[in-house]
Amino acid sequence: MSKFAVILPAAGQSSRFSGFRRKKPFVELKGRPVWVRTAEHFANHPDVCQTILVVSPDDIEWFKEQFRANLAFMTLTLVEGGKTRAESVENGLKVVADQAEFVAVHDAARPLLTKQWIDSVFDAARKFGAAIPGLPISSTVKRLTPRNSISETVDRTSLVQAQTPQVFKKSLLLDAYSACKDLTATTDDASVVEQFGHAVFVVDGWPMNIKITTPEDFRLAELFVNALPTKGGLKNLHPFSDDLFG
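Structure report, in brief. (Residues numbered from 1 in each chain as written. Predicted model: local features only at pLDDT ≥ 70, side-chain atom pairs only at ≥ 80, totals over all residues. Heavy atoms only, no water.)

Turning our eyes to something else, we now look at the pattern of salt bridges. Enumeration according to the criterion identifies 11 salt bridges in this entry. A salt bridge links Arg 110 to Asp 107, with the nearest nitrogen and oxygen atoms 2.8 Å apart. A relative accessible area of 7% means that Arg 110 is categorised as buried. Among the charged side chains, a salt-bridge network with shared partners connects Arg 85, Asp 107, Arg 110 and Asp 189. (Salt bridge = Lys/Arg side-chain N within 4 Å of Asp/Glu carboxyl O. Buried < 20%, exposed > 50% of the residue type's maximum accessible area, 1.4 Å probe, protein only.)

So this is what it looks like as structure tokens:
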């Protein structure tokens, strides 16, 4: 079976995550750090041979001390991040294990996953060489003018909101990053591969797979964390359920 290395960028500044003493990947979500919840999905996956966490150089010594107990029980490769997300991913790519045939890049601040979801995008990457989850856009989309008035209503028929994990054949992602002339202009890893000229397949995304960016996102994650679907379907979502708020 193909082996996957997973890069978890956690080197951002969390500039929109106000009101917390720590950056978003390091905040405790229902008693456990966000990054730990995220990393465990992959560290415990049978097809993953390496989990790489990318942390800002300013935080790395603090991180090693703060999470010493977690690191003692997790097989994790710790890497210093760059000035941008793309540079951080590039730093992660430099230490990907030889045995990895595929590389998945997943936001460290997206802790709400299931094995079934991961398997679906892994399987698509095996088949197509490049795959991401995409969530269809259900709301009406408006394009604005510079003065913040509506210039047009955009046809959302073929639009999706890109999520992670974004998964690629290792050689493809390495070549795409090497060929990219301006990594600062890229918004995700799929766009790097798109610029390289390789098609990226999209699997159905998952509404609960939110990226924690703002305090409001964190409050949503607190609601969702105990309501993730299992093999038997969604857990009880009754508004007064102990599973939802416990």
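This part takes up helix 7 (residues 189-196). Turning to helix 7, its buried residues are Asp 189, Ala 190, Ser 191, Val 192 and Val 193. Where helix 7 is buried, its residues meet helix 4 (85-93), strand 6 (102-105), strand 7 (130-136), strand 11 (166-169) and helix 6 (170-179). Residue Gly 197 follows helix 7 closely and has a positive phi angle near 100 degrees. (Helix = DSSP H or I, 4+ residues; strand = E, 2+ residues; numbered from the N terminus. Contact = heavy atoms within 4.5 Å.)

Note that strand 6 and strand 11 share four bridges and pair antiparallel. Note that in strand 11 the partner of Val 103 across the bridge is Phe 168. (Pairing = 2+ DSSP bridges.)

The biggest cluster of nonpolar side chains holds 43 residues, and the ones touching the most others in it are Leu 8, Trp 35, Phe 42, Leu 53, Phe 63, Phe 122 and Val 167. Those elements giving two or more residues to this core turn out to be strand 1 (4-10), helix 1 (34-43), strand 4 (48-55), strand 6, helix 5 (115-128) and helix 8 (215-224). Sequence-distant contacts of Phe 42, defined by excluding residues within four places in its chain, comprise Val 6, Leu 8, Val 48, Thr 51, His 106, Leu 113, Ile 118, Phe 122 and Pro 165. Membership of the second largest hydrophobic core comes to 24 residues, among which are Ile 52, Val 89, Phe 168 and Leu 183. (Core = buried A, V, L, I, M, F, W, Y, C linked by side-chain atoms within 4.5 Å.)

In an α-helix, one full turn covers 3.6 residues, which means residues spaced three or four apart are oriented alike. If you check helix 5, its first and last C-alpha atoms are 20 Å apart, about what 14 residues at 1.5 Å a residue would give, namely 20 Å. For helix 5, the full list of buried residues reads Trp 117, Ile 118, Asp 119, Val 121, Phe 122, Ala 124 and Ala 125. At the C-terminal side of helix 5, Gly 129 shows a positive phi close to 90 degrees. (Expected span 1.5 Å × (residues − 1).)

A separate point is the side chain of Arg 110. With respect to the helices, strands and loops of the structure, Arg 110 is situated in the loop between strand 6 and helix 5. A polar contact is formed between the side chain of Arg 110 and the side chain of Thr 164, at a distance of 3.4 Å. For Arg 110, the residues in contact, after removing those within four places along its chain, are Thr 38, Ala 162, Gln 163, Thr 164, Asn 209, Ile 210 and Lys 211. (Polar contact = N/O pair within 3.5 Å; in protein donor to acceptor, adjacent residues only side chain to side chain.)

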